[in-house]
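The chain contents come next:
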Amino acid sequence: MQHTTTSGRIAKGLNYTLLILLAASCVLPFLYVISVSLTPISEVIKKNGLVLIPSHMTLTAYREIMQGGRLLDAYQITIFRVVVGTLLNLLFTVLTALPLSRKSLPGRSWFLLFIVFTMLFNGGIIPSYLLVKEIGLLNSEWSLIIPGLINAFYLMIVKSFFEQLPEAIDEAARIDGAGEISILVRIVLPLSLPIIATVGLFYAVWHWNSYFDALLYINNPESQPVQLFLRQILLASVAISGDAAEAADAVNPISVQMASVVVTTLPILVVYPFIQKHFTQGVLVGSIKG
């Protein structure tokens, strides 16, 4: 049986202490957010906003967010954007990255130059708005998807991964009579699941958190995604003072803000553990060359 030295036990204890402090630094802020969202305004004022475990709980902030059923409609818009947008992002990214990964592609260097150029410069907000307006996408869910179909940075990541795949596999498939679509579906995609899952996660999180494009292109309240809907609620909430602030069921703007954070963050926290292993594999595989 191996005996641990005194210095080894001290180092192990320091490691555990550091990990516990690191975990607490991640958990406590979210616990604080949940607690304040469930705390009456009178208790928040009494404790100067420092509430970790509320003595009384209320769902007033969540009722304020969900009143009128608008939140569910906004969730439908956001889920449509995340699911359809992520699938289209992956489709166009893969279809663009695969030919760019082939060194035999005519004009390959020029195509790569144009793509890298878009990572450094863009037309700006006003030209983007005018373009979306001219093609008739204003107040449409597609205005949140089509303008950002391909992210140049993610495209370069996928292209670099495809370049690492052995060319002998493609050549053997062509000898057997396989076409480009067959090679993509039967060979490239199965070998690229880790990087596809990773880039898909990046696209999905971007769609979920994005609100500025909806602020530009969506004027119809019925077509607003969750983030823009909650933003309107936060802007509409006002500070409460005097006797109203002491009421147990008064709407606390701070609690509404915290409830909004919980509503927008919780779905990502639920989904992330199921795709974490693919994310880790994609990062590791993408960091190995050859």
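Above: the structure in question.
Summary of the structure given here. Please read all numbers here as calculations on a predicted model, not as lab measurements.

Observations concerning the overall build of the chain
Inference 1: Scanning the chain for helices and strands turns up 14 helices and zero strands.
Inference 2: Its helices and strands in sequence order give the chain the pattern α-α-α-α-α-α-α-α-α-α-α-α-α-α, from N to C terminus.
Inference 3: Expressed as a percentage of its 290 residues, the buried residues of the chain come to 34%.
Inference 4: Sequence-distant contacts in the chain: of pairs separated by 6 or more residues, those separated by 24 or more amount to 73%.
Inference 5: For the chain, the accessible surface area stands at approximately 17,700 Å², while carbon and sulfur atoms represent 69% of it.

Here's the deal with the packing of helix H4 (residues 70–100) against helix H10 (residues 193–209)
Inference 1: The interhelical angle for the contact between H4 and H10, taken along N-to-C directions, is 145 degrees, at an axis separation of 9 Å. Where H4 crosses over H10, the handedness of that crossing is right-handed. When H4 is examined against H10, the residues Tyr75, Thr78, Arg81, Val82, Gly85, Thr86, Asn89, Leu90, Thr93 and Val94 are found in contact with a partner set consisting of Ile196, Val199, Gly200, Tyr203, Ala204, Trp206, His207 and Trp208.

Some thoughts on helix H5 (residues 108–120)
In an α-helix, one turn spans 3.6 residues; hence positions three or four apart end up facing the same way.
Inference 1: Over its 13 residues, H5 extends 19 Å from the first C-alpha to the last, a length consistent with the 18 Å expected when each residue adds 1.5 Å.
Inference 2: Residues of H5 that are buried include every one of Arg108, Leu112 and Ile115, and no others. Viewed along the axis of H5, the buried residues span an arc of 65 degrees, placing them on a single side of the element. Residues of H5 that are exposed and point more than 90 degrees away from the buried face comprise Ser109, Trp110, Phe114 and Leu120.
Inference 3: Looking at the buried positions of H5, the neighbouring elements they touch are H4 and helix H7 (152–164).

Here is what the cut-offs are and how they apply
- Residues numbered from 1 in each chain as written.
- Predicted model: local features only at pLDDT ≥ 70, side-chain atom pairs only at ≥ 80, totals over all residues.
- Heavy atoms only, no water.
- Helix = DSSP H or I, 4+ residues; strand = E, 2+ residues; numbered from the N terminus.
- Buried < 20%, exposed > 50% of the residue type's maximum accessible area, 1.4 Å probe, protein only.
- Contact = heavy atoms within 4.5 Å.
- Areas by Shrake-Rupley, 256 points an atom, 1.4 Å probe, with all protein chains shown as cover.
- Axes fitted to C-alpha atoms, helices over the stretch in contact; angles between N-to-C directions.
- Left-handed = near helix turned anticlockwise from the far one by under 90°.
- Expected span 1.5 Å × (residues − 1).
- Arc of directions from axis to C-beta.

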